[in-house]
Amino acid sequence: MKRIGILTSGGDAPGMNACIRAAVRAARAQEIEILGIRRGYAGLIRDEIEPLDRKAVANIIHQGGTILGTARSPEFMDSEGRARAIRNLEKSRIEGLILIGGEGTFRGATELSQESGVGVIGVPGTIDNDIYGTDYTIGFDSAVNCALEAIDRIRDTALSHERLFFVEVMGRHTGFIALESGMAGGAEELLIPEIPFSIDKLCEHLERSFRGEKRSAIVVVAESGRPGDSFRIAREVRDRVGFDSRVCVLGHLQRGGSPTARDRVLAGKLGVAAVQALAAGKTGYMVGEINWKTAYTPLRDTWKKGKQLNDELVAMRMLLCE
Ligand code: F6P
């Protein structure tokens, strides 16, 4: 393998830069040329491809976002868009491609690996952690710690005013961020899509808590496809049991900022492993980490087989979130 390309796609995640840096270093160590593709699949379709050298990735390990830029590209989802992308890969003589992203990125990557002769390796980069085939995705730990810091701050004011707060965290279809940040922040209740809940049960729980010693409470809500829905939940709780509350939607704050040490190390490991996989002739896989070991999962499985929350954590939440 003489020349590879790398792109970041979908929602950005802290640690993507650390992964690009690692891939550039690993490629150069094997005398493989590496090109950066700007703005994800959209840039590949528009031929926005440029060489990446060590200088281009100097001093980026601590930076959030992605130096390559990113986008969600509906064009890549149809075969015409992909055909243009493949032509550009051929024109630049790219033999292998590293794609850092989440579920949507890997859906496109699955098609690309079938339709082109280019080697395709995915690296899981999304704050949602909703990718099958890896214990953690790049960016998840940073997002959880960002949410946790916010929950801790909210707790100070909630305690002072003796208030109920709803803190809404990201997670398009899953509750990974809510579960970990909520447990770590000692939330009184977690509302996550994987566990059915009813407003009646939530009200009962809150009434019980406030009849006891509680003077304040924090409910962590996963946005699960309806950003801002926690305002509706807060209204329904007020209408039923009269509790006044405040809502704090953390939103895109969780996507930015410097990656944690854990994310930087994971990003470095997976960036190197992706280059090694391409050099060894592997294609059509995502490289992840399971039980601390590098693991290869067929790209199709990463988005087809749903990733489950950790059962033990889910069971413990009854005890720890009260
Ligand atoms: O997939 C990552 C994520 O941050 C989700 O948690 C969230 O639902 C979505 O992206 C938001 O997407 P956008 O940045 O396009 O609004």
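Computed from a prediction, not measured in an experiment: that's the story for all the values here. (Residues numbered from 1 in each chain as written. Predicted model: local features only at pLDDT ≥ 70, side-chain atom pairs only at ≥ 80, totals over all residues. Heavy atoms only, no water.)

(A) Fine view of the overall build of the chain. The helix and strand tally for the chain stands at 11 helices and 11 strands. Taking 20 Å as the expected radius of gyration for a compact globule of 322 residues, we find that the chain reaches 21 Å, a close match to that expectation. When the backbone C-alpha atoms are referred to their principal axes, the chain occupies close to 70 × 35 × 30 Å. Burial statistics for the chain: of 322 residues in total, 54% are counted as buried. Of the contacts formed within the chain by residues at least 6 apart in sequence, a portion of 76% connects residues at least 24 apart. A total of about 14300 Å² of accessible surface is found on the chain, and carbon and sulfur atoms cover 48% of it. (Helix = DSSP H or I, 4+ residues; strand = E, 2+ residues; numbered from the N terminus. Rg over C-alpha atoms; globule rule 2.2 N^0.38 Å. Buried < 20%, exposed > 50% of the residue type's maximum accessible area, 1.4 Å probe, protein only. Contact = heavy atoms within 4.5 Å. Areas by Shrake-Rupley, 256 points an atom, 1.4 Å probe, with all protein chains shown as cover.)

(B) Representation of the site of the ligand within the structure. Surveying the vicinity of the ligand reveals the residues R72, T126, I127, D128, M170, G171, R172, E223, H252 and R255. In the model, an oxygen atom of the ligand is placed 2.7 Å from a nitrogen or oxygen of the D128 side chain. Here R255 contributes a side-chain N or O atom positioned 2.8 Å from an oxygen atom of the ligand. Protein coverage of the free-state accessible area of the ligand, which is 400 Å², stands at 75%. With respect to the pocket detection grid, the ligand is positioned in the largest pocket. For the shell around the ligand, the residue count by class is two nonpolar, three polar and five charged. A domain split of the shell around the ligand shows at least three residues from each of domain 1 (3-139 + 259-304) and domain 2 (141-255). (Near = heavy atom within 4 Å. Polar contact = N/O pair within 3.5 Å; in protein donor to acceptor, adjacent residues only side chain to side chain. 1 Å grid on protein atoms, 1.4 Å probe; cavity = no way out; pocket = protein on both sides within 12 Å on 5 of 7 lines; lining within 4 Å. Sits in = over half its atoms within 2 Å of the grid points. Nonpolar A, V, L, I, M, F, W, Y, C, P; charged D, E, K, R; others polar. Domains from an automatic or database assignment.)

(C) Spatial organisation of a nonpolar patch on the surface. A cluster of nonpolar side chains, M316, L319 and L320, forms an exposed patch at the surface whose accessible area comes to about 320 Å². Within the secondary structure, M316 sits in helix α11 (residues 311-320). (Patch = residues over 30% accessible without salt bridge, like charges linked within 9 Å, V, L, I, M, F, W, Y side chains within 5 Å. Salt bridge = Lys/Arg side-chain N within 4 Å of Asp/Glu carboxyl O.)

(D) Representation of the layout of surface pockets. Within this model, the largest pocket holds a volume of roughly 490 Å³. Around the largest pocket, the lining is made up of 26 residues, and of these G10, G11, R72, D128 and R172 lie nearest the centre. The greatest single-element share of the lining of the largest pocket, amounting to four residues, is contributed by helix α4 (residues 103-115). Here the lining of the largest pocket is built from residues that sort into five nonpolar, 12 polar and nine charged. Summarising the domain contributions, the lining of the largest pocket has at least three residues from each of domain 1 (3-139 + 259-304) and domain 2 (141-255). Of the pockets and cavities examined, the second largest pocket occupies roughly 350 Å³. E189, K201, H205, R317 and M318 are the residues nearest the centre of the second largest pocket, which is lined by 18 residues in total. Sorting the residues of the lining of the second largest pocket by element identifies β7 (189-191), α7 (199-211) and α11 as the ones contributing at least two each. In terms of residue count, α7 provides more of the lining of the second largest pocket than any other element does, five residues in total. (Points joined across faces, edges and corners; volume = space filled by probe spheres on them.)

(E) Expanded view of the sheet that holds strand β8 (residues 217-222). Across the sheet, four strands lie side by side as β7-β8-β6-β9; this open sheet has parallel pairing. Of all the strands in the sheet, the pair left with one neighbour each is β7 and β9 (245-249). Geometrically, the sheet is characterised by an average inter-axis angle of 20° between neighbouring strands, direction not taken into account. With five bridges connecting them, strand β6 (residues 164-169) and β9 associate as parallel partners. Across the sheet, the residue bridging to E168 is V249, located in β9. The sheet contacts of helix α5 (residues 140-161) involve β6, β8 and β9, and relative to β6 the element is tilted by about 170°. (Pairing = 2+ DSSP bridges. Axes fitted to C-alpha atoms, helices over the stretch in contact; angles between N-to-C directions.)

(F) Molecular detail of the packing of aromatic side chains. As enumerated under the stated definition, the model contains three aromatic pairs in all. Judged by centre distance (3.7 Å) and plane angle (5°), the rings of Y41 and F76 are stacked. Of this pair, Y41 sits in helix α2 (residues 40-45) while F76 sits in the loop between β3 (49-51) and α3 (79-91), placing them 35 residues apart in sequence. Accessibility classification places Y41 together with F76 in one group, the buried group. Ring centres of F210 and F243 lie 4.9 Å apart, and the angle between their planes is 45°; this geometry places the pair in the tilted category. Placement of F210 in helix α7 and of F243 in the loop between α8 (229-241) and β9 is noted, with a sequence separation of 33 residues between them. The exposure class assigned to F243 is buried, which follows from its relative accessible area of 19%. In this structure, K282 packs its charged tip against the face of Y296, placed 4.7 Å from the ring centre. The lysine or arginine in question, K307, covers the ring of F176, its NZ or CZ lying 5.3 Å from the ring centre. (Phe/Tyr/Trp six-rings, centres within 6.5 Å; stacked < 30°, edge-to-face > 60°. Lys NZ or Arg CZ within 6 Å of the ring centre and 35° of its normal.)

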